[in-house]
Structures are given as C-alpha cells and as structure tokens.
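Observations on the model geometry
Spelled out from the first residue to the last, the chains are:
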Amino acid sequence: MRALLLVLATLLLVAGCSSDAPEGEFTFGGAGGRTTVVYDPPETRGVLPPVSGESLLEPGRQLSTEAWRGQVVVLNVWGSWCGPCRAEADALDQVAVASAPRGVQFLGIDVRDQRSAAADFVRDRGVVYPSIFDPPGRSLLVLRGYPRNAVPSTIVLDRQHRVAAVFLTAVLASDLQPVVDRVAAEPARAS
C-alpha cells in the first residue's frame, strides 16, 4: 500500500510540473545563465506557433510568420528606446541581406514603444526587414516561458518553425551569421 501511495504521489508531482504547451510546441526552459541557447539536434526542437501582429510601417496590415512557411525565420525583439538595439541594427541588416537568397526571412517585433519613434528608428537606419508594432508585447505570448523583458533578443526558427537558437542579448553579425547559415543548410524535412 505504501508503495502504491508513493507511486501515486510521484505521478501527481510529475503531472504538476508538466508544461501546458501541446506536445512538440516550444516552451522556453530558461538559459541557465547563458545568453545564447542552441537547440540541437533538430528533432529536439519545439515548434513555435505563428507570431503575428500589425505592421509597424503599414498600420492595418498584419504580418505573420505563417507567410514564410518553409523558410528560416529570424525574429528580433527590439525597441527604439533600447541602446543595445541601436547597436545591433546594422549587424541584423547585414545578416538579413546575406541570408535572404537562402530562404531566410527576418521579422522584427517592436515592443514598449511609440509608433512614430519606432518608425523613425527603422527609416533612419534603413532597416531592410519588416517589423510588428506591439507595444504591450502580446505577440510574444506564443513564446511560452520566454522572458518578455529580454530586449533585445533574437530567435532563429528552422524551416519547420521550430526554435533552433535564442540570443538573449544584442547580437554581432559574427555570432548570428554562422547559426543562421547552419540552420538554413539543414534539410527542409529534418525530423
């Protein structure tokens, strides 16, 4: 009887610690003090539900990662008020331009911002990829367990839109480009 109670208690404990995310869906488990987390091998990656929201520069138009099925997608969470975001802008553009011919699309997510300040930021710096305008950060809710206050941060999705890498800091082109290249070179239907 004691053994049965012990087994039941263990099962309840494990059930209480389980994720609310559907099986195979991405849940951020923490970085353990690291600023870069890489999810390998590919079959261990969780799928990110579509990220969508209103376009920063085209109010009323919806942008969504669904538009880029079968492509690698790089999400960048930023704000015009963020010094490190300003510092990484050129590096992100550099990687976006270099990677586009291999089926890589970048999508910014502008948070905690004013539309006019964010639009000026994009225009002044000549940012080459679109951004979602999302002051409250609601589009980030699909990133279960993700620290929504991590600005800037960059998330690389493989061609099946599984999370392949997370950067919880400003990125350099020399750090991001090799990760994007490796993910873009993976077979489109890797399990």
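Residues numbered from 1 in each chain as written. Predicted model: local features only at pLDDT ≥ 70, side-chain atom pairs only at ≥ 80, totals over all residues. Heavy atoms only, no water.

1. A word on the environment of Leu48
Examined against the element boundaries, Leu48 turns out to sit in the loop between strand 1 (36-38) and strand 2 (52-54). Distance from Leu48 to Val142, taken between C-alpha atoms, is 7.0 Å for residues 94 residues apart in sequence. Leave out the neighbours within four places in its chain, and Leu48 touches Phe26, Leu75, Val142, Leu143, Leu157, His161, Arg162 and Val163. (Helix = DSSP H or I, 4+ residues; strand = E, 2+ residues; numbered from the N terminus. Contact = heavy atoms within 4.5 Å.)

2. Notes on the state of the cysteines
What the rule picks out here adds up to one disulfide. A sulfur-sulfur separation of 2.4 Å characterises the disulfide bridge that pairs Cys82 with Cys85. Across the S-S bond of Cys82 and Cys85 the torsion is about 80 degrees, and the bridge reads as right-handed. With respect to class, Cys82 is no different from Cys85; both count as buried. (Disulfide = S-S within 2.5 Å. Buried < 20%, exposed > 50% of the residue type's maximum accessible area, 1.4 Å probe, protein only.)

3. Overview of the pattern of salt bridges
Considering all chains together, one arrives at eleven salt bridges under this definition. For Glu54, the salt bridge identified is with Arg115, shortest N-O distance 2.8 Å. Here Glu54, found in strand 2, pairs with Arg115, found in helix 3 (residues 115-125); they are 61 residues apart in sequence, far enough to count as distant. (Salt bridge = Lys/Arg side-chain N within 4 Å of Asp/Glu carboxyl O.)

4. A few points about helix 4 (residues 173-185)
If you check helix 4, its first and last C-alpha atoms are 18 Å apart, about what 13 residues at 1.5 Å a residue would give, namely 18 Å. Every buried residue belonging to helix 4 is among Ala173, Leu176, Gln177, Val179, Val180, Val183 and Ala184, and all of these are buried. (Expected span 1.5 Å × (residues − 1).)

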